[in-house]
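One letter stands for each residue in the lines below.
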Amino acid sequence: MVSEKDQPNGHQILIDGEELARHNAINEWLPITSARKAKWWHSAFHNVTAMVGAGVLSLPHAMADLGWGPGVAVLILSWVITLYTLWQMVEMHEMVSGKRFDRYHELGQHAFGEKLGLYIVVPQQLIVEVSVCIVYMLTGGKSLKKFHDLVCNDDKKDIKLTFFIMIFASAHFVLSHLPNFDSIANVSLTAAIMSLCYSTIAWSVHRGAQPNVQYGYRAKTTAGTVFNFFSALGDMAFAYAGHNVILEIQATMPSTPERPSKGPMWKGVVVAYIAVALCYFPVALIGYWTYGNSVQDNILISLEKPVWLIAMANIFVVIHVIGGYQMYAMPVFDMIETVLVKKLNFKPTRLLRFFVRNIYVASTMFVGITFPFFGGLLGFFGGFFFAPTSYFLPCVMWLAIHKPRKFSLSWWTNWICIIFGVLLMVVSPIGGLRQIILQAKTYKFYS
């Protein structure tokens, strides 16, 4: 029996060559690394699609629980902090010469170590992306139901929300088989345009504040007010979730030492964040000003006239969250397919992809149908998992990798972001969980 060290060098080189070829073939098959042709405008509309969504519709409701002063402060602070942490992630994508961190967990492994990085990043990123897909199932189903109720108001039959969620999910049983980010570019562009359209409708159709509008806190007790305040912080955090796919979006861009991907990527991010501001601030402020503390957890549900325009806005929401679902599902597909192909040695085939993606879509549909607690879900997931990945985990990585001088501007900035993010993470799930419990008391399963 010949040991590996006794084998001829040529044979070892052949083995290494075969292994490298297999590695390259798998990377060309996986969703994140299979295409690197994106331009800066792809970054712009991918980020708009990832950022604007169910979160923007809940902002007036969050403002009602926060009040004018804290609400405006948290809205602006969140925009500034998350833009800063996005810049950090774009910069860290190619911080090591000749290497790209194409996935969030790869950057985490570089910052914290091979195993610890996985344990810190993967659970948080997975929960964020899966929870967004579940909430988007709910949002799509609710918007379809609202459209049906507005257009078919003469129909006496009350169709269950369950069926509308299933109709919405049917689109994903088809679209989920698009192989990578490059192939969903048109879906994402359409979704980004739709987000601008329905956000504009949401704030522009109002004709002044409603009669007898009230801006005081809706809860009658101090405890209720505090819990609602905490939950609203989670709603705000949920609205800034794009960080969970930012490195994966940047991975689709070509890069050379002379022209690294961070240039066009950052350009796209700036354009996207201007679009985010144009969507978030008017919807949050005008929506709250119009309806006060009686605003619904989905602003479009509060709107009633003109009927045709509100119906259109709900269809725009449906189209947008179709694209948003795909944006957050693609990194999940990449993780699952990576484990199956690299760790469990499954062959990278269309049949494998068919089963993996259909099972995932069916699972998110089932959970969405079973637990449609929209407002509570936003508050709970927003604080517990979105705050770390968007508000302070990039700062922790920056401190671990770059090690800025103690008490320098960079050091202080990152620690302020970390403290703000940790506070969000601690208090907002408390309010969100309370809302889920209260709504669950009166909820009938599969209604």
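Residues numbered from 1 in each chain as written. Predicted model: local features only at pLDDT ≥ 70, side-chain atom pairs only at ≥ 80, totals over all residues. Heavy atoms only, no water.

- By the naming in an unreviewed UniProt entry, the chain is Amino acid transporter transmembrane domain-containing protein, taken from Erythroxylum novogranatense.

Quick notes on the overall build of the chain
- The helix and strand inventory of the chain stands at 17 helices and 0 strands.
- Residues counted as buried form 54% of the 447 residues belonging to the chain.
- The long-range fraction of contacts in the chain, counting pairs at least 24 apart against all pairs at least 6 apart in sequence, stands at 85%.
- Accessible surface, the chain as shown: approximately 20000 Å² in total, 68% of it carbon and sulfur. (Helix = DSSP H or I, 4+ residues; strand = E, 2+ residues; numbered from the N terminus. Buried < 20%, exposed > 50% of the residue type's maximum accessible area, 1.4 Å probe, protein only. Contact = heavy atoms within 4.5 Å. Areas by Shrake-Rupley, 256 points an atom, 1.4 Å probe, with all protein chains shown as cover.)

A short note on the packing of helix α9 (residues 185–204) against helix α12 (residues 262–291)
- Between α9 and α12, the least distance of the axes is 8 Å, while the angle of their chain directions is 25°. Regarding the angle of α9 to α12, the classification is roughly parallel. Crossing of α9 over α12 shows left-handed handedness. In contact with Ser 195, Leu 196, Ser 199, Ala 202 and Trp 203 of α9, α12 contributes Ala 275, Leu 278, Cys 279, Pro 282, Val 283 and Ile 286.
- Looking at the contact of α9 with α12 residue by residue, the class counts come to 9 nonpolar, 2 polar and no charged. (Axes fitted to C-alpha atoms, helices over the stretch in contact; angles between N-to-C directions. Parallel < 35°, antiparallel > 145°, perpendicular 65-115°, else oblique. Left-handed = near helix turned anticlockwise from the far one by under 90°. Nonpolar A, V, L, I, M, F, W, Y, C, P; charged D, E, K, R; others polar.)

A look at the nonpolar core
- Counting 117 residues, the largest nonpolar core has Tyr 240, Tyr 280 and Met 397 as its most contacted members.
- No other element matches the 16 residues that helix α14 (residues 307–343) contributes to this core.
- With residues near it in sequence (within four places) discarded, Tyr 280 still touches Met 51, Val 52, Val 56, Leu 59, Ala 239 and Tyr 240.
- Listed in part, the 7 residues of the second largest apolar core include Ile 26, Trp 29, Leu 340 and Val 341. (Core = buried A, V, L, I, M, F, W, Y, C linked by side-chain atoms within 4.5 Å.)

What to know about unusual backbone geometry
- Backbone geometry places Asn 345, a non-glycine residue, at a positive phi of 60°.
- Accessibility expressed as a relative area gives 54% for Asn 345, which makes it exposed.
- Of note in this structure, Phe 407 is not a glycine but carries a positive phi near 70°.
- Tracing the backbone through its elements, the reader meets Phe 407 in the loop between α16 (374–402) and α17 (409–441).

Side note on the environment of Pro 394
- Residue position: Pro 394 is located in helix α16.
- On the basis of relative accessibility, which here comes to 0%, the residue Pro 394 falls in the buried class.
- Through-space distance from the C-alpha of Pro 394 to that of Met 92 is 9.2 Å; in sequence the pair is 302 residues apart.

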